[in-house]
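Okay, here's what each chain looks like letter by letter:
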Amino acid sequence: MAASPSTIAAPELYSHPARRASLGEGLWVSRLLPSRQQRMVGAWCFADHFGPSPVPPGKKAMDVAPHPHTGLQTVTWLLDGELLHNDSLGSRSIIRPGELNLMTAGHGISHAEETPPEHSNNLHGLQLWLALPDNQRNCEPSFQHHRELPQLDEDGSRLQVFIGSLGELYSPAQVFSPVVAAEISLQAGAGTRLPLNADWEYALIIVEGELQVTGTQQSLGTEALHYLAPGAQQLDLVSDTAARAILIGGAPFTEAIVMWWNFVGRSAEDITQARADWQAGTRFGTVTAYRGERLPAPELSGRPRASR
Ligand code: MN
């Protein structure tokens, strides 16, 4: 239940530890979503935090060969370094910090993500997925790169909204459900107040330093998903040290999804079909710009089940 304006309570907070996951080639990431405790946050169904990692000259920090997606949008957001995206539509994009790569898989697309030949010797960022609602999940695939995103600088805090809107800041990125994603940067000793929608759920992913939520005794750190239950109308953050965090949120997703490997569907049959189509070389196109083999689908062991 939403608090009335006169009784603004501290948000209900639950911290779920990240787990280490491998993207192959020695690249380890912190997987924040899904977890056993938290399957989704709004339409957000997947969140990986990678780095900060040094990238030696001539080396690739990331080299994920062509692989398919269906039923979701991928959101790539960097805090440091750069990544090269190539997809089966022929889109080619180098993304840098403060820019957004948004790929709408719809019915089917494939892409590769790798460190470009020219790089700044660091990689730090996130990859997030949004489940597409049922009426959009078989839409035409598309890719958007956004270089101009709204930003607000105030008293040692910086807010940059890359998905949805927060306060007066609106991202131009095309999404299909009520969601938000924003980066919050605080200088040492600074604070900020974020307006929340009391009907939405949110999560904070700390990517640098530590943050405190006013009204709680908790210090929030990296390597965890800090879940905020619906009901709060605002979030007051302060930090003693320089800190950065990503806020994701949205209206609770009411459809039960089935998620397996890189696919989001509604049934085990959706997943089995997507896997068969990738293995057969149909539906997901070809990433012609990538030099190397595409990723084979893992074996399906057991029947993929709905996650909520
Ligand atoms: Mn991908």
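Look up: the structure comes first, before these words.
Residues numbered from 1 in each chain as written. Predicted model: local features only at pLDDT ≥ 70, side-chain atom pairs only at ≥ 80, totals over all residues. Heavy atoms only, no water.

Describing the overall build of the chain
Along the chain, the regular secondary structure elements total one helix and 26 strands. For 308 residues, the compact-globule estimate of 2.2 N^0.38 gives 19 Å, and the chain sits close to it at 19 Å. Each principal axis of the C-alpha atoms in the chain carries an extent, and together these give about 60 × 45 × 30 Å. For the chain, with 308 residues in total, the buried portion stands at 56%. Pairs at least 24 residues apart make up 73% of the contacts formed inside the chain by residues separated by at least 6 positions. With the model as given, the accessible surface of the chain reaches about 13,500 Å², and the carbon-plus-sulfur share is 47%. Across the chain, the 22 positively charged side chains and the 32 negatively charged ones have centroids separated by 8 Å. (Helix = DSSP H or I, 4+ residues; strand = E, 2+ residues; numbered from the N terminus. Rg over C-alpha atoms; globule rule 2.2 N^0.38 Å. Buried < 20%, exposed > 50% of the residue type's maximum accessible area, 1.4 Å probe, protein only. Contact = heavy atoms within 4.5 Å. Areas by Shrake-Rupley, 256 points an atom, 1.4 Å probe, with all protein chains shown as cover. Lys, Arg positive; Asp, Glu negative; His and termini not counted. Charge placed at Lys NZ, Arg CZ, Asp CG, Glu CD.)

Remarks on the packing of aromatic side chains
For any pair of aromatic rings, geometry is given as the distance between the ring centres together with the angle between the planes. Within this structure, the stated rule accounts for nine aromatic pairs. Relative to Trp129, the ring of Phe46 lies with its centre 4.0 Å away and its plane at 15°, an arrangement referred to as stacked. On the criterion of sequence distance, the pair formed by Phe46 in strand S4 (residues 44-54) and Trp129 in strand S11 (residues 122-131) is long-range, its members being 83 residues apart. Classification of Trp129 by relative accessible area gives buried; the value is 2%. Relative to Phe284, the ring of Trp278 has its centre 6.0 Å away and its plane inclined at 75°; by these criteria the two rings are edge-to-face. Chaining the aromatic ring pairs together yields one cluster made of Trp260, Trp261, Phe263, Trp278 and Phe284. Directly above the aromatic system of Trp278 lies the positively charged group of Arg294, at a separation of 3.7 Å from the ring centroid. (Phe/Tyr/Trp six-rings, centres within 6.5 Å; stacked < 30°, edge-to-face > 60°. Lys NZ or Arg CZ within 6 Å of the ring centre and 35° of its normal.)

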